[in-house]
Amino acid sequence: MTGKSQLQIGEIVAVLVVFFMMSLIGFVVYFSIIRGEVQDLTENAKSLGSVGVVKIALSLPELQCSENNVVRESCFDKAKIELAKEDPAPVKAYPNGNLIFKEPSNYYFDLFGFSTIQVKQVYPDPNPPNAVWTIYDNNIYGTPPTAQGSGFQSNIPIIIFDPGTRENYFGVLTVISYSR
Amino acid sequence: MKSRKSAVEMQFNWLFVMIIGGIILVTFLGFAMKQRDVSEDLTKSSIASSLDAIISSAQSSSGEVSVIKVPDEEMTFECNRIAVGNAAKQYENLILFSPKTIKSDSIITQTMSLNIPFKTANLLFVTSPDVRYILVGDFRKDFTKWVKESMPKEAVVDAFYSNGISPPPLAVEKPFNEIENEKHSKVRFVVVAETDPFSAVPSPFQDMEDKDVTKLVISGNGDVNFYRKSGTGWAAASIDLNPTHQYINETVIGAIYSDDKEQYKCSMGNVKKRVQKVTDVYKKRVVGFATGTCGSAYTGVDTSLNTISSFALETQPNIAAMITAIRSIIAKNKELQISSCPLIY
């Protein structure tokens, strides 16, 4: 093989090296863009998931206020959420409230997935103060439900209706949705 | 000598170019094919996610009908499972009534609240414009008329009267023997009458595949019986429901949408669990009221709620007793309202 032909092969190899390097750079740029899009989609999915849990919680017959089957929007029945206190064996005990939906059978997992749902009365100041009802808790990180962990938190103003006294209170529904 | 050497060089160059060219071609082809597979999986996964979103939405709203455009992929609805190709989603307690498979570019969803008398669940019905529902019965009767009116206008629903009904039907109504095949991919006959006029598959539909033609017979007492085409006749698939008592109206609509009895039984099992969960909440709630000033006004309510709750526990629930209990709770709720006591629901 002559020096000229060796030079020709060298040129081809150089072109190929440049070509593959450019292809590699192209792939890296492409996949970094895709990764960014996937991260955006994941963030959107997390927020949508949290909103979905809020919607379901607000419309659950086990919690909702109704009079003659006429449902009041964004309203929780105090008599229903206080049933937590009657739960004979809550999975965990919390100082200001108990669980009503945490069960070994995970019946509510389809609806709420990995999330924590709490209802807090904010006005008038309840007795005892800072009354919180933790109505569902399935935190994949195992942290206390008051900690946000890496969950997506939604706070929704609600009405808490006491059917016994026919009084309405202001409250906040807090939903923390967790994802890996 | 020089020309032979240059010929070898040329051949070597071509061989080199072909090998490298082949590698480049194979790399890019492989990448393109992988991307195609990923894209197909993404599409299927996106349909599964859309269906999941529809199910979530249905759990929070009732009385709605939607037509949703979807990619033309086959969707399979099984007991607590929805699958689109390899993408599947498993549920614990899915309340969904639909044909076993749907392959269409759009789906129709309908939600209906199950009130007994308090709201317990939203029933989700899914179908497609490729499924034709042929209702046969006397549509002047309350229940038959309710069934017809409960079906969404967006779905393909045709009503025909059965023979021998008295007084004669309106002139605008067609008799069942004038049914024609309009070339839908699936046909479901729904007979709401004492006697089933279809002893055999109507001749225009006999050429269709067996799996695409089904029949539901809802007898006068609310018993539902599932049939599937078998040649020119029907193969029965009776379901274990109490044949002597009326069934809940809303769940009969579920039977119309479900062309597979196992899927229907599974969804009904989930409905029963839901009824029990919600009724238990109301039972405990009423106990709290019964200790107050209105205490005596709640006498008998727990018995009625227990009867409703038992619907979930029994394989053949006594629907007549349940309806009596529902009426009793409705009456009691009115009494409580007049007495300004906390309502049951």
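For the structure itself, look to the data block above.
Here's what I pulled together on the structure shown here. (Residues numbered from 1 in each chain as written. Chains lettered and ligands numbered in written order. Predicted model: local features only at pLDDT ≥ 70, side-chain atom pairs only at ≥ 80, totals over all residues. Heavy atoms only, no water.)

**Topic: the nonpolar core**
Alright, step 1. If you look at the biggest cluster of nonpolar residues, it comprises 52 residues, and the most contacted ones within it are Phe-97, Ile-256 and Tyr-298 of chain B.
Alright, step 2. Element by element, the count of residues in this core is highest for helix α4 (residues 261-290) of chain B, at eight residues.
Alright, step 3. Among all residues touching Tyr-298 of chain B, those that are not within four sequence positions of it are Val-286, Phe-289, Ala-290, Leu-336, Cys-341, Pro-342 and Ile-344 of chain B.
Alright, step 4. Ranked by size, the runner-up nonpolar core spans 24 residues in total, among them Val-53, Ala-57, Leu-63 and Tyr-136 of chain A. (Core = buried A, V, L, I, M, F, W, Y, C linked by side-chain atoms within 4.5 Å. Buried < 20%, exposed > 50% of the residue type's maximum accessible area, 1.4 Å probe, protein only. Helix = DSSP H or I, 4+ residues; strand = E, 2+ residues; numbered from the N terminus. Contact = heavy atoms within 4.5 Å.)

**Some words on the environment of Ser-106 of chain B**
Alright, step 1. Residue placement: Ser-106 of chain B occurs in strand β7 (residues 106-115).
Alright, step 2. Every residue in contact with Ser-106 of chain B, bar those within four places of it in the chain, is listed here: Val-67, Ile-68, Lys-69, Val-70, Ser-128 and Pro-129 of chain B.

**With respect to helix α6 (residues 319-338) of chain B**
Alright, step 1. Look at α6 of chain B: 29 Å from first C-alpha to last across 20 residues, which is about the 28 Å you get at 1.5 Å a residue.
Alright, step 2. Elements that come into contact with the buried residues of α6 of chain B comprise α5 (301-313) of chain B. (Expected span 1.5 Å × (residues − 1).)

**Side note on the sheet that holds strand β3 (residues 81-84) of chain B**
Residue and element names in this part refer to chain B.
Alright, step 1. The strand order β4-β3-β2-β6 describes an open sheet built from four strands, whose pairing is antiparallel. Two strands in the sheet have a free side with no partner beyond their single neighbour: β4 (87-90) and β6 (101-103). With direction set aside, neighbouring strand axes in the sheet form an average angle of 15 degrees.
Alright, step 2. With four bridges joining them, β3 and β4 adopt antiparallel strand pairing. Within β4, the position partnered with Ala-83 by the bridge is Ala-88. (Pairing = 2+ DSSP bridges. Axes fitted to C-alpha atoms, helices over the stretch in contact; angles between N-to-C directions.)

**As for the sheet that holds strand β5 (residues 96-97) of chain B**
All names here are of chain B.
Alright, step 1. With respect to topology, four strands assemble into an open sheet ordered β1-β7-β8-β5, the strand pairing being mixed. Lying at the two open borders of the sheet, with one neighbouring strand each, are β1 (65-69) and β5.
Alright, step 2. Across five bridges, β1 lies against β7 in antiparallel orientation. Note on β7: the bridge partner recorded for Ile-68 is Ile-107.

Everything listed is a geometric property; what it means functionally is a separate question.
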